[in-house]
Amino acid sequence: YNTLMKAYDNQGKYKEVEALYQEMLVNKIKPNCITYTILMKTYDNQCKYKEVEAIYQEMLVNKIKPNCITYTTLMKTYDNQGKYKEVEQIYQEIKEQNLLKVKEVSSIEIDIHGLQSITLQYYLEDIKNEIIDSRFKIICGRGNNSGEEGPILNKVIIDFCKKYKLKYKIDSNGGRFIIG
C-alpha cells in the first residue's frame, strides 16, 4: 500500500492516496510510520493543515513512533501556517530523539536525505560553529525521500555558505557539498 500511496502522492493524485488509506483501514491493515507520513505529505501538499495535524495525532494515539521525515513534514506544515513556535518545538523533539545524525569520519558528514528545507535551516544554524571551525561535507539527499526538495535543500546550503562567507564546492556527483 505504501509504495502505491507514495506513487499517487508524487503524481498529485491525492484522492487515490486517501482512498488507499481508507481501504487499508477497511481491510484491517495497520498503517505504519511511512503510511502516516505519506498521508501527512498528501494533506500538506493540498494545504489541508488541520488534516496533517489530525493524522499526526492519530499516529501518536496508535503508538506509532514518528521518524525524522514525519517530523520535518510537520515542521513544514507549521512553517506554512506561520506557527514558528511549533516549528521550534518539533525541531527540539528531533534533536532530543537524536534523529539528525552527524557521523565522525575523516571529515564530518551530515546526511540530509529526506529532510525538509525548514529542518535543514534550523539544523545548519544549530551546528554553525562546528561547520565554521571544521571541514564538513554536507550530503544533499537525492532519491525517494528528497523529491522536489532536492534543489531547495541545495539552495539552503548555498545561502548558508554565503551568509557566513564559507567556501564550498559541489562534487562531481552533484549531490555533495564540501564546505571549508
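Provided above is the structure to which this section pertains.
Now for a quick tour of the structure. (Residues numbered from 1 in each chain as written. Predicted model: local features only at pLDDT ≥ 70, side-chain atom pairs only at ≥ 80, totals over all residues. Heavy atoms only, no water.)

**Considering the pattern of salt bridges**
Moving on, step 1. In the structure shown here, the tally under the stated rule is 4 salt bridges.
Moving on, step 2. With a shortest N-O distance of 3.3 Å, Lys163 and Glu125 are connected by a salt bridge. Here the residue Lys163 occupies a position in helix 9 (residues 149-163), and Glu125 occupies one in helix 7 (residues 117-126), the gap between them amounting to 38 residues.
Moving on, step 3. Residue classification places Glu125 among the partly exposed positions, given a relative accessible area of 31%.
Moving on, step 4. Here Asp159 makes a salt bridge to Lys155, at a shortest N to O gap of 2.7 Å. Highlighted residues: Asp159 and Lys155, both in helix 9, separated by 4 residues, approximately one helical turn. (Salt bridge = Lys/Arg side-chain N within 4 Å of Asp/Glu carboxyl O. Helix = DSSP H or I, 4+ residues; strand = E, 2+ residues; numbered from the N terminus. Buried < 20%, exposed > 50% of the residue type's maximum accessible area, 1.4 Å probe, protein only.)

**Brief notes about the packing of helix 1 (residues 2-10) against helix 2 (residues 14-26)**
Moving on, step 1. Two elements in contact, helix 1 and helix 2, have axes whose closest approach is 7 Å; the angle formed by their N-to-C orientations is 160°. Our classification of the angle between helix 1 and helix 2 gives roughly antiparallel. In this structure, helix 1 meets helix 2 at a crossing whose hand is left-handed. Contacts from Leu4, Met5, Tyr8 and Asp9 in helix 1 reach Tyr14, Glu16, Val17, Leu20, Tyr21 and Met24 in helix 2. (Axes fitted to C-alpha atoms, helices over the stretch in contact; angles between N-to-C directions. Parallel < 35°, antiparallel > 145°, perpendicular 65-115°, else oblique. Left-handed = near helix turned anticlockwise from the far one by under 90°. Contact = heavy atoms within 4.5 Å.)

**Overview of helix 6 (residues 84-96)**
Moving on, step 1. Helix length check: helix 6 (13 residues) gives 18 Å between terminal C-alpha atoms against 18 Å at 1.5 Å per residue, within 8%.
Moving on, step 2. For helix 6, the full list of buried residues reads Val87, Ile90, Tyr91 and Ile94. The arc that holds every buried residue of helix 6, seen down its axis, measures 100°, which confines them to one face. Across helix 6 from its buried face, at more than 90 degrees, point the exposed residues Lys85 and Glu96.
Moving on, step 3. Buried residues belonging to helix 6 abut helix 5 (68-80) and helix 7.
Moving on, step 4. In the segment just after helix 6, Asn98 is the residue with positive phi, at about 55°. (Expected span 1.5 Å × (residues − 1). Arc of directions from axis to C-beta.)

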